[in-house]
Each structure stands twice: as structure tokens, then as C-alpha cells.
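Structural description and commentary
The lines below spell out each chain.
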Amino acid sequence: MTQEWDAGRLDSDLGGVGFDTLAVRAGQQRTPEGEHGEPLFFTSSYVFRTAADAAARFGGEVPGNVYSRYTNPTVRMFEERIAALEGAEQAVATASGMSAILAMVMSLCSSGDHVLVSRSVFGSTISLFEKYLKRFGVQVDYPPLADLDGWRAAFKPNTRLAFVESPSNPLAELVDIAALAEITHAHGALLAVDNCFCTPALQQPLKLGADIVIHSATKYIDGQGRCLGGVVAGRAAQMAEVVGFLRTAGPTLSPFNAWVFLKGLETLRVRMRAHSESALELAQWLEGQPGVERVYYSGLASHPQHELAKRQQKAFGAVVSFEVAGGKAGAWAVIDATRMISITTNLGDTKTTIAHPATTSHGRLSQQDRERAGIHDNLIRVAVGLEDIDDIKADLALGLAALRTV
Ligand SMILES: *Cc1c(COP(=O)(O)O)cnc(C)c1O
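Residues numbered from 1 in each chain as written. Predicted model: local features only at pLDDT ≥ 70, side-chain atom pairs only at ≥ 80, totals over all residues. Heavy atoms only, no water.

One open sheet holds the 7 strands; their spatial order is E1-E7-E6-E5-E4-E2-E3, and the pairing between them is mixed. The open sheet terminates on both sides in strands that have one partner only, identified here as strand E1 (90-94) and strand E3 (139-141). Here the average twist between neighbouring strands, direction ignored, is 20°. When strand E4 (residues 159-165) meets strand E5 (residues 190-194), the two strands line up parallel, connected through 5 bridges. Counted as the bridge partner of Glu 165 is Asp 194 from E5. Docked against the sheet, helix H3 (residues 73-86) engages E1, strand E6 (212-216) and strand E7 (230-234), running at close to 130° with respect to E1. In the packing of helix H7 (residues 177-186) onto the sheet, the strands contacted are E4 and E5, and the crossing angle to E5 comes to about 150°. (Pairing = 2+ DSSP bridges. Helix = DSSP H or I, 4+ residues; strand = E, 2+ residues; numbered from the N terminus. Axes fitted to C-alpha atoms, helices over the stretch in contact; angles between N-to-C directions. Contact = heavy atoms within 4.5 Å.)

We now examine unusual backbone geometry. Of note, the amide linkage connecting Ser 166 to Pro 167 takes the cis form, showing an omega dihedral of 0°. Positionally, Pro 167 belongs in the loop between E4 and H7. At the junction of Asn 169 and Pro 170, the peptide bond is cis and its omega measures out at 0° in the coordinates. As for its position among the elements, Pro 170 is in the loop between E4 and H7. For Ala 172, which is not glycine, the phi dihedral falls at a positive 55°. Residue position: Ala 172 is located in the loop between E4 and H7. On the basis of relative accessibility, which here comes to 7%, the residue Ala 172 falls in the buried class. Although it is not a glycine, Thr 199 sits at a positive phi angle of roughly 65°. (Buried < 20%, exposed > 50% of the residue type's maximum accessible area, 1.4 Å probe, protein only.)

On to the nonpolar core. Counting 39 residues, the largest nonpolar core has Phe 78, Ile 82, Tyr 220, Ile 221, Phe 261 and Leu 265 as the members making the most contacts within it. If you list the elements that add at least two residues to this core, you get helix H1 (19-25), H3, E1, helix H8 (199-202), E7, helix H10 (255-266) and helix H11 (268-287). The biggest single contributor to this core is H3, with 6 residues. Two domains share this core, each providing at least three of its residues, namely domain 1 (19-265) and domain 2 (269-405). Filtering out sequence-adjacent residues up to four positions away, Tyr 220 remains in contact with Cys 196, Phe 197, Thr 199, Leu 268, Arg 271, Met 272, His 275, Ala 318, Val 319, Leu 347, Gly 348 and Ala 383. With 30 residues, the next largest nonpolar core counts Met 104, Leu 108, Ile 214 and Leu 365 among its residues. (Core = buried A, V, L, I, M, F, W, Y, C linked by side-chain atoms within 4.5 Å. Domains from an automatic or database assignment.)

Here we take up the packing of helix H4 (residues 97-108) against helix H9 (residues 236-249). In the contact formed by H4 and H9, the axes pass within 8 Å of each other and the chain directions differ by 110°. Classified by the angle between their axes, H4 and H9 sit roughly perpendicular to one another. Seen from H4, the contacting residues are Ala 103, Met 106, Ser 107 and Leu 108; seen from H9, they are Gln 238, Glu 241, Val 242 and Phe 245. Of the residues belonging to the contact of H4 with H9, the class tally is 5 nonpolar, 2 polar and 1 charged. (Parallel < 35°, antiparallel > 145°, perpendicular 65-115°, else oblique. Nonpolar A, V, L, I, M, F, W, Y, C, P; charged D, E, K, R; others polar.)

Right, here's the structure in full:
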């Protein structure tokens, strides 16, 4: 039995509404069942009315679903919602954050092209470029993220793409995205920003002039540590290339994961605000603790780019990193003496996590590359979750007390 429902109330017709309204409602397509929640379409293929209909849909002459490698209504709802939040013409969902980066490069770059990647990006991103993409003739250089003169000097006539993470993991370095977009465009290249740490709730790179936004949806878009996924978002012309790659190569997001991410987006800004509030309180507290030598958090007045962070972001995010006395042994002792905080390299979870970047996320880099990226052996990264901040502090106090016995 199908219910009648008012087509005039389609959530996909939203216009002029605020961020939180888009986060809750954008992209939803109701079926004739009139369901209130987003439907989950578990199907690998779709039926056609006739052979001619199949031919027309395969050829793209008639819109409609063909095969879930590249057309699935639940995935499309997620793509439309995240596009609305980022202010993008189109978003393409992928199986993971890494496959989003791969899909972007494979669809927009060719052998002989030059790519600039900020020095302090996610460890696997560096491996992707260094170990794999270089083998296919993509040239790569790594300017320091914050240094605009370094960027200016690094462009070549064949530079096709500049790719940055701002803020960076784990040191919370920033680049002035608007200024870098101008430099990049003056060289005829595209600027892509990995917006994983801020999410569109705190920063909208396309509105600052970037051309492409990348997400690991695995992190704050999910927000509860359940599913892997990724997003590439930007202008329709470039996204058509990304869709072509996805259709052909298949790093496709599962509809189940898309459904989880749709639910995650509904609470995105509330969560990001709570994460950021607790992280700021923790960073301020850490600065006063014995045994803590340096705290990296852009919400601190001591952060060299604090003013830029205030201008460019709505808040400072959840990730706080700090260096402790006693080198690697000290860092490991602090981590091991915590009782509640999870020892895991993931982030973007309601549960607070703690990790030692030098031997985990950045462990595959050479000592020299690690030092160049500023990842010292005494560095600890905490991704602040949504537990009571007093309990997070108490647990880290247990950790820091262990420094006295190292
Ligand atoms: C985790 C992460 C990625 C990779 O995402 P996956 O979903 O794990 O593949 C890329 N960029 C940043 C900044 C990340 O934190």
C-alpha cells in the first residue's frame, strides 16, 4: 500500500536555508512509501521497462539508475547532502578517504603532470603519491604547508594540482586557503583541500576559492567510528571525470555506509562544536601540566597561526597534539598509563583516542622525512571525543604522572 504525500514538501527542493537545516534534510528523495527517514537501497542492479529503456539508460540519454557501482539512490542522497554543505555543484562518494584522493588524481591528472602536495599530509597520502602515482609518471613535490612563498616557488608549467590538508594532521598547521587558491589559479592549476579535520561545519574550502574538497567520511562525518568512506566534491565538469573513474574502476561507497553517513551529517555541527569546545579546554590545561613541553592546537594564543585559524575556521577542531619529556619512552609511558582513552590511530569518534604518530600513522616514513614533517618521537596525538572533559583530563593526568617514573 502506498500513501499519498505532498510533492511540494520535497526536502530536495530546499533553498536559502541554513547549514543545520541542509545537514538534516538536503538530498532526501522520498519513495512512494512516504518514509520519513532516508531509505536504504540494497540492490546491485536495477530493472528496465524495456530493452530500449536499458539501452537509453546505459548510454546516459535517459537519467536513472543502472548499476550500484556508480548509481545508487542512498549513495546519491549522501552525495547531494554533502555537496549542499560544502557549497559544491556536485559530490562523488567513494569507498574510503584514500580512494577519494586516488579517484581525484586518476581522473584529473596524466603522466607527465606535476602535483604539489603539502609536506605534512596524512601518511598514506604521501605513500600513495611516492610509491604508486610516481610509477605512472606523476611528478610530485612537497612544499611546506604554511609557507606561501614556498608554494609560489614550487609551481612549474606542468603543475596541474595543488593538494593540501588544512589543518594538518597531527600538528594542526594551517595554510591561508584563499591566498593559496589565488596563487594556484595564477599558475593555471587546481587547488584541492582535504577537509577531514574541520568538516564543512567548521570550514568550507570551496567558498574560500578552492576547486575541490576531499573527505575521509570515516572520521567526523560518520562521527562514531563505524564505517569507511570518502568524498570528492567540486564543480560538475571535474566531478564528471571522477564519476567516470568510479564507474570504470569501482572504488564505490556501500549504500549502507552512505546511510550511516547521512545520519552522521544530521548531527555534524552539534558534534563539531562539542569536540572543539572540549579540545580547547584540554589544550589549555595541557599547556600548564609538568612534563608537557609543547602543545599544538590552533585555538591556543601560543599557536603561530591562531589569527588565521580564527579567520578561516568557525572553531579549531578536535585534534590536540603535544610533546612530552623523555622522548619516545616518555610518550609511550604516557599513552600506556591512560586507562579510559582508546589507544588507536583513528579519530573522528565519540570516544577519545590517543596515538603515537612517529611509530604508527607516520611510521612508514624515513626518520628524515618524519623530522621534516615535524613529527618528533615525543609527540602524542589526542583526538578529543565527547566524554566528559573532566574524565578525559583525569585520564591524561594518569598518563602524565607516569612521566615521573620514566
Ligand atoms: C584518515 C584520513 C584519510 C584517509 O581516509 P580513509 O577513510 O581512512 O581512507 C585522508 N586524509 C586525512 C586527513 C585523514 O585523516
